[in-house]
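# An overview of the molecular structure
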Amino acid sequence: MPIHIRRGWELPDSAATPEHLVIGRRKAALGLGSILAAGALARPALAQNAAGMAAMRNPRFDAGRALTPEKDATTYNNYYEFGTSKSVSSMAQRLPQQPWTVKLDGMVESPQELGLDDLLKKVSLEERVLRHRCVEAWAMTVPWTGFPMSALVKLASPLSSAKYVVFETAADRSTMPGLRQSWYPWPYKEGCTIAEAGNELCFMAVGLYGKPVPAQNGGPIRVLFPWKYGFKSGKAITRITFTDQRPVSFWEKLQASEYGFWANVNPQVPHPRWSQASERLLGSDERVPTKLFNGYADFVASMYTDVKGENLYL
Ligand SMILES: Nc1nc2c(c(=O)[nH]1)N[C@H]1C(S)=C(S)[C@@H](COP(=O)(O)O)O[C@H]1N2
Ligand SMILES: [Mo]
């Protein structure tokens, strides 16, 4: 029987460690790298997670905004595989979250298919509080647990000729009623350049609010491009393909004049049908000004200085 290694946040409450014992363990856990990689040694780290912390929070990604209430972030979703309304959270529970595999293929040294648990043994988990900006002008700020996409790029060993990365979502007709909308170009695929995938801000999330990413938010694993409009951040990733051809992605196929390949957030470039100057914070009535690259210019702007003659903000 295959051994299923429990992720830290899957531990029952009874395994939680009293706070005074946790402090020292947190320090010890810092050196462990992945909370999963250490196997039996990771027990203290796992207990710490049951006490409410899935992984060490990386302070580099201070979001500068209040966290969105968990209830709002997990009940107001875009997930067209389950329908076009925002209320898909209960329907999404039909998508089995395990076993789960991620295929790494295309222009790589050796294509491979990794079980999620095996994949998680090869990376170090951290928590990042990140801003998310939907092209529809709503936004949220939530704590994700995961690992930098650059670690996966390294694992895949792409050939030097690979220039783009394509992220493909599960397309399961038996659980996803949206797939019957046959004019949509399923499976949902979005892509980026290899530089964008290797940027430290590009993140693969397996946890949200210290628990496994709920199915409706893209569990069990999703990609995040916090500086791009939300539609670039594909959910339930099953395949990551390296290629030398720029992909025509899901939304670009549907409506290229409104949703392009780059989709970098820019308050000064309106969507053809509405302004992008401000955004509504989920779970509140507050509207705040939108920032260039969703406020992450320091991390990403330099990647675009040499891209000429294209609308980077569509
Ligand atoms: N597979 C898939 N991924 C997707 C979508 C989708 O419909 N299908 N919607 C995107 C859009 S438009 C947004 S804003 C975010 C929403 O993520 P959330 O529901 O976790 O807030 O997921 C993105 N990823
Ligand atoms: Mo979105």
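Reference entry: report on the structure contained in this document. Being a predicted model, the structure only gives us computed values, none of them experimental. (Residues numbered from 1 in each chain as written. Chains lettered and ligands numbered in written order. Predicted model: local features only at pLDDT ≥ 70, side-chain atom pairs only at ≥ 80, totals over all residues. Heavy atoms only, no water.)

## What to know about the sheet that holds strand β5 (residues 164-169)
Worth spelling out the cut-off: At least two DSSP bridges between two strands are needed for those strands to be called paired. In DSSP terms, a helix is any run of H or I states spanning at least four residues, a strand is any run of E spanning at least two, and both are numbered starting from the N terminus. Orientation is described by axes fitted as lines to C-alpha atoms, over the contacting stretch for helices, and by angles from 0 to 180 degrees between their N-to-C directions.
Strand order across the open sheet formed by five strands is β2-β1-β10-β5-β6, with mixed pairing between neighbours. Looking along the sheet, the strands with just one partner apiece sit at the ends: β2 (112-115) and β6 (189-193). Averaged over all pairs of adjacent strands, the angle between strand axes in this sheet comes to 20°, irrespective of strand direction. One ladder, built from six bridges, connects β5 with strand β10 (residues 237-243); its direction is antiparallel.

## Observations regarding the site of ligand 1
Threshold: If a single non-hydrogen atom of a residue is within 4 Å of a molecule or strand, that residue counts as near it. In the analysis that follows, any N or O atom pair within 3.5 Å is treated as a polar contact, provided that within protein one partner can donate a hydrogen and the other can accept it, and provided that, for residues neighboring in sequence, both atoms belong to side chains. Residue-level accessible areas treat just the shown protein chains as cover; the underlying method is Shrake-Rupley with a 1.4 Å probe. Classes in brief: Ala, Val, Leu, Ile, Met, Phe, Trp, Tyr, Cys and Pro nonpolar; Asp, Glu, Lys and Arg charged; the others, Gly included, polar.
As a matter of local geometry, ligand 1 sits amid 19 residues, with Asn 77, Tyr 80, Glu 81, Arg 222 and Lys 235 nearest to it. Between ligand 1 and Asn 77, the relevant distance is 2.8 Å, taken from an oxygen atom to a side-chain nitrogen or oxygen of the residue. Within the backbone of Asn 78, one N or O atom sits 3.2 Å away from a nitrogen atom of ligand 1. Surface burial for ligand 1 is 99%, taken as the share of its 530 Å² of free accessible area covered by protein chains. Residues belonging to the shell around ligand 1 are distributed by class as follows: seven nonpolar, nine polar and three charged.

## Brief notes about the packing of aromatic side chains
Any aromatic ring pair is given by two values, namely how distant the centres are and how the planes are angled relative to each other. Test applied: Pairs were defined over the aromatic rings of Phe, Tyr and Trp, the Trp ring being its six-membered one, requiring ring centres within 6.5 Å. Orientation was assigned from the angle between planes: stacked under 30 degrees, edge-to-face over 60, tilted for the rest. Each residue is placed in one exposure class: buried if its accessible area under a 1.4 Å probe, protein chains only, is under 20% of its type's maximum, exposed if it is over 50%, and partly exposed if it falls in between. We count a charge as sitting over a ring when the NZ of a lysine or the CZ of an arginine lies within 6 Å of the ring centre and within 35 degrees of the ring normal.
Using the criterion set out here, one finds 22 aromatic pairs in the structure. Here the aromatic rings of Tyr 79 and Phe 82 are separated by 4.8 Å at their centres, their planes lie at 85°, and the arrangement is edge-to-face. Relative to Tyr 304, the ring of Trp 262 has its centre 5.8 Å away and its plane inclined at 85°; by these criteria the two rings are edge-to-face. Taken as a pair, Trp 262 in the loop between α8 (250-255) and β11 (278-281) and Tyr 304 in the segment after α9 (297-300) lie far apart in primary sequence, 42 residues in all. No difference in accessibility class separates Trp 262 from Tyr 304, as the two residues are buried. Taken together, the aromatic side chains of Tyr 80, Trp 183, Tyr 184, Trp 186, Tyr 188, Phe 231, Phe 250, Trp 251 and Tyr 259 make up a single cluster linked through ring pairs. The side chain of Arg 131 reaches across the aromatic face of Tyr 296, ending 4.1 Å from its centre.

## Looking at the environment of Ala 151
Checked against the element boundaries, Ala 151 lands in helix α6 (residues 149-156). Judged by its relative accessible area of 24%, Ala 151 falls in the partly exposed class. In the structure, Ala 151 is positioned 49 residues away from Glu 200 in sequence and 9.6 Å away in space, judged by C-alpha atoms.

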